[in-house]
Each structure stands twice: as structure tokens, then as C-alpha cells.
Amino acid sequence: MNGKRNIKEWKKNLRARHRQTRERMDPKKKLQWDAAIENRLFALPEYRRADVLFTYVSKAIEVDTFGIIRRALADGKAVAVPRCVPGTFEMEFYYIRSPQELEKGAFGVLEPIPESSRKVEKETGGLCVVPGLAFDSNGFRLGYGKGYYDRFLSGFHGVTAGICYNSCVQWELPHGYFDRPVDILVTERYLRRIAVRKPGAHACK
């Protein structure tokens, strides 16, 4: 029990630290870093091959995805963004044709409007852009603690790309047995392809 409590406290402290790092970023540098991350993402063969792009809708402290959404739509891709299902910790993805088709939803995040958007009924792959307050060298992520993306990614069949600022990447993060690392980690400085590892395998040290 103490171990679980210690990991929970560790994650809480890490979230606070990385949130503070993001809140203190120089706005001009953040714009530059966002652009660099976008360019690395767009250069991926996985991006070029994907018919569908799944992506989060960014908040102010996150790597901006509005440019990613507009570029993907301009490239002729289907773009799907998440909506939190009320009363649960589940997400549903809906196709959008423009960022204007979003409204403020759970936690103040912009979400698709179910009545005017088409729900993704059957996910058959594609590229998923994954958010995280932090990532580690093995592709594991530190989210906001609600588990929405952990649940979604456990059944996702496509390629996953975590996008994150280099200052929020560390060697190792605490993770559970069934946590799934992203396939690719993209920062403003580099791109890292993560070796395929079985669930529960220990991180290399």
C-alpha cells in the first residue's frame, strides 16, 4: 500500500513540476518550439501514409495542435478529436472538418459537438497524436491523472506519436503494467523511435 501511495505522490509532484515548467515558458520560444515539433511530425512517413489523424485539442500549456489540425485537413486527411463521455473516464472520437466545429467541454477543453459531428464508430488505424505533461526515454507518458488516453490507447491499432517539449522529457517515469508507450516521441530538438516492448517490461537503465 505504501508503494502505491508513494508512486501516487511522486506522480503528483512530477505533474506540478512539469506544469510549472510549461507555465513559465517564454511565449515566443513556445511558438518556435511548437512549429519545430509540427514540422518533425509532418515529415514522418507515418503521417504521410495515414488516412486518419487522431489528435487532442490543445490547451494553452500544451504543444499546439490547431496548426496540426488545419494542416492535416488541408492535406486531405480525416481528422478526429476526442470528447469525454460524461460520467465516465472514457473518450469518444469525432471527425471534424474545421476547428470551428468545437465547443468548450469537460475541463474547459474544446470538444467536438456530437449533434454536428460524425462519431468514429470503428477505429482501423491511422496516426494518433498523444498529449502528455511529460514523456520518458522509453515512450511512457505522464498524463493529467484521469486515465482517458490510457484507456483509449489500450485498444488503438494505429501508430502513436507523443509530442512534448524537450524540457519535459526525462529518463524514466513511473508506469503501470498495462501502460502503453508511444511508438514515436517528437520534441523540438529530436525524433525518437521507441523499440517495441511487451507490456510490463522494465525500462532499460
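Read on for a plain summary of the structure.

Basis of the calculations
Residues numbered from 1 in each chain as written. Predicted model: local features only at pLDDT ≥ 70, side-chain atom pairs only at ≥ 80, totals over all residues. Heavy atoms only, no water. Salt bridge = Lys/Arg side-chain N within 4 Å of Asp/Glu carboxyl O. Helix = DSSP H or I, 4+ residues; strand = E, 2+ residues; numbered from the N terminus. Buried < 20%, exposed > 50% of the residue type's maximum accessible area, 1.4 Å probe, protein only. Pairing = 2+ DSSP bridges.

### Structural notes on the pattern of salt bridges
So, step 1. In total, this model carries eight salt bridges according to the counting rule given.
So, step 2. Between E46 and R193 there is a salt bridge, and its shortest N-O distance comes to 2.7 Å. Of this pair, E46 sits in helix α3 (residues 45-49) while R193 sits in strand β13 (residues 191-193), placing them 147 residues apart in sequence.
So, step 3. The exposure class of E46 is buried, given its relative accessible area of 14%.
So, step 4. Among the salt bridges present, the one from R97 reaches E101, with a minimum N-O distance of 3.0 Å.

### Section: the sheet that holds strand β9 (residues 141-142)
So, step 1. Spatial ordering of the open sheet is given by β9-β8-β11, a layout of three strands whose pairing is mixed. Two strands in the sheet have a free side with no partner beyond their single neighbour: β9 and β11 (169-170).
So, step 2. One ladder, built from two bridges, connects strand β8 (residues 134-136) with β11; its direction is parallel. In the strand pairing of β11, F135 is matched with V169.

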